[in-house]
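Structural overview for review
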Amino acid sequence: MWLLALVIAVGLGGSLAISYTLYRTAERQWITRADASAQRLSTMLLDWIEESYSPLSGLGALVENSQKTEPDEFLNALEGIESRVTNFLLGSAAMLERDAKGKWALSISSGDFDYLEKDAKDGFSKLLPAIEFAMARPNEFVLAPPVETVRGTLMSPVLIALAKVKTPTVLVGRLDYTTLQGALTEAPTPKGFYLTLTGKFMATPDIRTILQIDAPQAVREKLATRAATGGADLEIVWRVTKEYENGPAYGFAAITLVGGITTTLLFGMFMAALIRRTRVINEKVDQATAALRRSGEEQTAILEAATSGIAFIRDGVIVRANARLDELLGFDLGEQIGQPTRNWYPDDAGHAAGGGAVDEQIARGESHQREQQLMRQGGELFWCRLSGRAVDARDVSQGTVWMLEDVTQQKAAAEALRQAHELVRHAFGRYVSEEVAESLLRGPEGLELGGEEREATILMSDLRGFTAMAARLTPHEVIEVLNLYLEAMVDVIGRYHGTIDEIIGDAILVIFGAPVASEDHADKAVACGLAMQLAMRDVNQRLVAKGASELEMGIGVHTGRVIVGNIGSSRRTKYAAVGSNVNLAGRIESFTIGGQLLISDDTRGKVKAPLRIDKQFQVEPKGAASSVRLFEIGAIGGPFDLSLPSRSKPLRPLAPPLPIRFTTLEESFAGRTVHEGHLTEVSDLEASVQSPHALAVLSNLKITVSESPQGNPAGDIYGKVLESVADTPGRARIWFTSISPEFKTWLDALG
C-alpha cells in the first residue's frame with residue numbers, strides 16, 4: 001500500500017507542479033505578447049517622428065536647387081508634401097538665413113509658427129543653441145528640447161542646416177506633441193497601454209519629460225525602448241495594466257490542477273485493483289529486460305553511438321548494420337541483415353547508379369560519395385547522402401563499409417532559401433518600379449538624400465464615390481475592391497513606363513520622365529490615362545461579378561518643372577517629386593468627373609501624337625497664380641491609338657420637377673449656404689438642375705433629396721457641374737459622381 005500512497009503523492013505533486021508551470025507560462029506569454037505590442041508601438045511612434053522630418057528634407061531639396069526660393073513656392077511645396085504624408089506631425093515650417101554680420105533672420109514662415117516668430121523678435125535667444133548645434137552638423141536633423149507654445153501646448157523645434165547653399169540657411173519645423181498624442185490615440189493601440197516619453201536633447205545630460213499618459217490601474221509591467229533620432233536620445237516606456245487582454249490567462253492552469261487531482265485519485269483507485277498482479281508482471285518484465293540486454297550487447301560492435309546509418313556489405317548483401325540504419329530505412333531492428341541493398345532503391349535505375357564507375361572508384365582505394373533518392377520500407381522517398389569505402393582496396397571481395405545520412409531537410413532548407421531570395425526580389429518589385437529600383441541600386445550614390453530639377457509629367461487619379469461605397473462594405477471587402485482596382489491600374493502604368501510616386505488609398509500619383517529621362521513623357525502620360533480609363537471596364541465587370549458596385553475614376557495630367565530625388569531620413573527614404581507643379585496636377589484631377597481625363601495646356605503643348613479634344617474649360621485652381629485652361633481628352637493617335645467611347649445619354653423630363661436642397665463643396669467639406677432648386681431632367685448618369693443660384697462650371701455639389709409622391713428615396717447625391725444650359729438662366733447640367741444604390745434603382749425604374 002505504500003506504493004499506492006507514493007503514486008498518489010507523486011500525482012498530486014506533479015499536478016501542482018504542472019499547474020504552477022502553466023501559471024508561470026501564462027504570465028510569461030502575456031508579458032511576451034505585451035512586449036511585442038510595445039515594440040510595434042514604439043517602432044510606429046519613432047517612425048512617425050522620423051517621418052515628420054520628410055517635409056524639411058523635401059523643402060531642403062527645393063532650396064538647394066533654387067537660386068532664390070520664393071515664399072509662395074516654399075509654402076506650396078510644404079502643402080504638397082503635407083497632402084501626401086499619412087501622419088503629418090510637422091505643423092509648421094520656416095527658413096532662417098544668416099547675414100554678413102552673423103545675425104540670423106526669419107526669411108520665410110508658414111504663418112502659424114508663433115513660437116519661432118516671437119523668438120525671432122528676441123534675436124533667437126531661445127533657439128540659438130539649437131541653431132548652432134544644427135550648423136555644426138550640416139544635413140543632419142536636430143530635434144531640439146521641448147518648449148511650451150503660447151497656446152500652452154508642448155512642441156519641439158526640428159532643424160536642419162543646409163550645406164549646398166551660398167547663404168548659411170537653417171530650416172525649422174514644429175513637431176507638435178499634442179498632434180503626436182492625437183495620432184497615437186487614433187492608432188490601433190491595445191487597451192491597457194499607457195505611454196511615458198522622455199528624452200535627452202542636443203548632448204545635454206538633462207532628462208526632459210515629453211508625454212505622460214496616466215494609467216487608471218496598477219501597472220503590471222514596464223516595457224522600455226531607447227532610440228536615437230535627430231541628436232536626441234529618447235526613452236519610450238509603455239506601462240501595461242491588467243486591462244491588456246484582461247491580464248494573463250490563468251484559467252488553463254486552474255483546469256489542469258483540478259483535472260490532475262481528479263486523474264490522480266482515479267488512477268490510485270485503478271492501481272489498488274491491480275496491485276496484486278504487479279508481482280507477476282514484474283517477473284515477466286525482468287525476463288524481457290534480460291533478453292533485451294543480451295540482444296543489445298550483440299549490437300554494440302556496430303557503432304550504436306553513430307548518428308548516421310552504417311552498413312557492412314559484401315556481394316550486394318547487408319552483412320551487418322547499426323540501429324540507425326534500420327531506423328533510417330524504416331526496418332525493424334536487425335531486419336535488414338541478409339537482405340540485398342536493392343531494397344534501398346525505388347527502381348532499377350536508381351540501383352544501377354551504384355555500380356560500374358562506383359566499383360572502379362572504390363577499387364582504386366578512393367572514397368565515393370553521392371546524393372540520391374532512396375525509398376523507406378513503407379514506400380516513402382527521401383534524399384540520402386551515401387559515402388562508401390572498401391575494407392581492403394586490394395581485395396574488394398572482402399566487402400565495403402557504407403555510411404547513409406538523411407539530407408532531406410538540408411535540401412529542403414536550400415530550396416526554401418532559394419525561394420526566399422526569389423520572394424525578396426518579387427516583394428521589392430511590388431513596392432518600386434523597375435526604373436526606380438535600377439536607379440537606387442546602380443551605386444551607393446543612388447541611396448543618398450537629395451534631388452534634381454527636371455521637366456516631367458505628373459498624372460493624378462482618384463476614384464469617384466469610393467468613400468460612399470466603402471461605408472457599405474466590410475473592411476475585408478474594401479481591401480479586396482482596392483486590390484482588384486490597384487492591380488489593374490499598376491499593370492497599365494507599368495506598360496507606359498510610369499513611376500508610381502504614391503498610392504494614397506484609392507488615389508495614385510505617377511511620374512513620367514523620372515527617374516529615367518524620356519522625351520515623350522507627356523505622350524506616355526496621356527496614353528496611360530486613356531488606357532487606365534479603358535481598363536476600368538474590366539475592373540467593373542469583375543466587381544459586379546463579386547456583387548460590388550461599379551467604380552468611376554477621374555484623372556488629371558500636368559507637365560512642368562519639378563524636383564525629383566530621394567526624400568526622407570537616414571532610416572527611411574523614398575523616391576518622390578515635389579514642387580508646385582505636382583500640386584497643380586492634383587488640383588486638375590479635382591475638376592474631373594468619373595471616366596474623364598483632363599490635361600493642362602502645358603501638357604497639350606508637349607504631346608506630339610494627335611489628340612481628340614472633346615471639351616475645354618478655363619478654371620482657377622487654388623494656389624495657382626492665374627487661371628488654367630483644361631482640355632478633356634477623348635483619344636490619342638499613333639503610335640498609341642487609344643480612344644474612349646461616348647457616354648452621353650438622353651435626359652428624361654421629370655413631371656413635376658423634383659425639389660432639392662444643395663450646397664457647394666469647398667475642398668472636401670460642404671459649404672454653409674444651402675440653396676433651393678429642382679431636378680427637371682434625369683438619366684442614370686446626369687441631370688438638369690434649375691435654381692435661382694448660378695452654378696459655376698466644374699464646381700462640386702452635395703444635393704439632398706427628400707421623399708416625394710414620385711416614389712423616390714430620400715438621401716444625398718454628389719455631382720459636378722458640367723455646363724450651363726444655353727439661353728436658360730439658372731439651369732445647368734450636372735454629372736453624378738456618387739449616388740446611393742436605392743436612388744440609382746429608382747432612376748433605372750423611370751427608364
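What counts, and at which threshold
- Residues numbered from 1 in each chain as written.
- Predicted model: local features only at pLDDT ≥ 70, side-chain atom pairs only at ≥ 80, totals over all residues.
- Heavy atoms only, no water.
- Axes fitted to C-alpha atoms, helices over the stretch in contact; angles between N-to-C directions.
- Helix = DSSP H or I, 4+ residues; strand = E, 2+ residues; numbered from the N terminus.
- Parallel < 35°, antiparallel > 145°, perpendicular 65-115°, else oblique.
- Left-handed = near helix turned anticlockwise from the far one by under 90°.
- Contact = heavy atoms within 4.5 Å.
- 1 Å grid on protein atoms, 1.4 Å probe; cavity = no way out; pocket = protein on both sides within 12 Å on 5 of 7 lines; lining within 4 Å.
- Points joined across faces, edges and corners; volume = space filled by probe spheres on them.
- Nonpolar A, V, L, I, M, F, W, Y, C, P; charged D, E, K, R; others polar.
- Salt bridge = Lys/Arg side-chain N within 4 Å of Asp/Glu carboxyl O.
- Buried < 20%, exposed > 50% of the residue type's maximum accessible area, 1.4 Å probe, protein only.
- Pairing = 2+ DSSP bridges.
- Phe/Tyr/Trp six-rings, centres within 6.5 Å; stacked < 30°, edge-to-face > 60°.
- pLDDT = per-residue confidence, 0-100.
- Polar contact = N/O pair within 3.5 Å; in protein donor to acceptor, adjacent residues only side chain to side chain.

Remarks on the packing of helix α15 (residues 475–495) against helix α16 (residues 521–545)
When two helices pack together, you describe them by how their axes are tilted relative to each other and by the distance separating the axes. For the pair α15 and α16, interaxial distance at closest approach is 9 Å and the crossing angle is 150°. In terms of orientation, α15 lies roughly antiparallel with respect to α16. Considering the relative orientation of α15 and α16, their crossing is right-handed. Within the contact between the two elements, α15 uses V481, L484, Y485, A488, M489, V492 and I493 and α16 uses C528, A531, M532, A535, M536, V539, R542 and L543.

Digging into empty space enclosed by the protein
Space left empty within the atom packing is revealed by a probe, the size of a water molecule, rolled over the atoms. Counted by the stated rule, this structure contains one cavity of 30 Å³ or more. Estimated volume of the largest cavity: approximately 30 Å³. Every residue lining the largest cavity is listed: D47, E50, E51, S569, R571 and R572. Residues that form the lining of the largest cavity fall into these classes: no nonpolar, one polar and five charged.

Focus: the pattern of salt bridges
Tallied over the entire structure, the rule returns 29 salt bridges. A salt bridge links R612 to D614; the nearest nitrogen and oxygen atoms lie 2.9 Å apart. Using a relative accessible area of 35% as the deciding quantity, one classes R612 as partly exposed. Overlapping salt bridges, with partners in common, bring together E371, R385, E405 and K411 in one network.

Let's talk about the sheet that holds strand β10 (residues 232–241)
Reading across the sheet, the four strands line up as β8-β7-β10-β9 and stay open at both edges, with antiparallel pairing between neighbours. Strands at the two margins of the open sheet, each flanked by one partner only, are β8 (208–212) and β9 (219–229). Strand-to-strand twist of the sheet, defined as the mean angle between neighbouring strand axes without regard to direction, takes the value 20°. Of the pairings in the sheet, the one linking β9 to β10 comprises ten bridges and is antiparallel in character. Bridge pairing links T229 to A232 in β10. Running at roughly 35° to β8, helix α6 (residues 177–186) makes contact with β7 (193–201), β8 and β10 of the sheet.

Section: the packing of aromatic side chains
For the structure on display, the rule yields seven aromatic pairs. Considering the side-chain rings of F743 and W746, the 5.4 Å spacing of their centres and the 45° angle between planes classify their relative orientation as tilted. Taken together, the residues span about one helical turn, with F743 and W746 both in helix α19 (residues 741–750) at a distance of three residues. Each of the two residues, F743 as well as W746, counts as buried.

Observations concerning the environment of C384
Note on placement: C384 falls in strand β14 (residues 381–390). C-alpha separation for the pair C384 and R370, spaced 14 residues apart in sequence, amounts to 8.3 Å. Those residues in contact with C384, other than ones at most four positions away along the chain, are R370, E371, Q372, L374, L404, E405 and V407.

Comments concerning the confidence of the model for the protein chain
In this model, the protein chain carries an average pLDDT of 83, and 90% of its residues clear a pLDDT of 70 or more. Throughout residues 443–447 the model reports pLDDT below 50, and contacts reaching past four residues in sequence, or to other chains, amount to five contacts.

Here we look at the side chain of D501
Counting through the fold element by element, D501 comes out in strand β17 (residues 499–504). D501 gets classed as buried once you look at its relative accessible area, which sits at 6%. A polar contact of 2.8 Å, which involves the side chain of D501, links it to the backbone nitrogen of A577. When residues no more than four places from it in sequence are discounted, the contact partners of D501 are R84, L509, V510, I511, K574, Y575, A576 and A577.

Brief notes about the pairing of strand β31 (residues 731–738)
Counting buried positions along β31 gives six out of eight residues, so the element sits mostly inside the fold. In the sheet, strand β28 (residues 686–690) pairs with β31 via five bridges, with the strands oriented antiparallel. Paired with S688 across the bridge in β31 is R733. With six bridges connecting them, strand β30 (residues 715–724) and β31 associate as antiparallel partners. Directly across from G719, in β31, lies its bridge partner F736.

What to know about the sheet that holds strand β12 (residues 317–321)
Spatial ordering of the open sheet is given by β12-β11-β15-β14-β13, a layout of five strands whose pairing is antiparallel. The strands lining the two open edges of the sheet, one partner per strand, are β12 and β13 (368–375). Between one strand axis and the next, the sheet turns by 35° as a mean value, whatever way the strands run.

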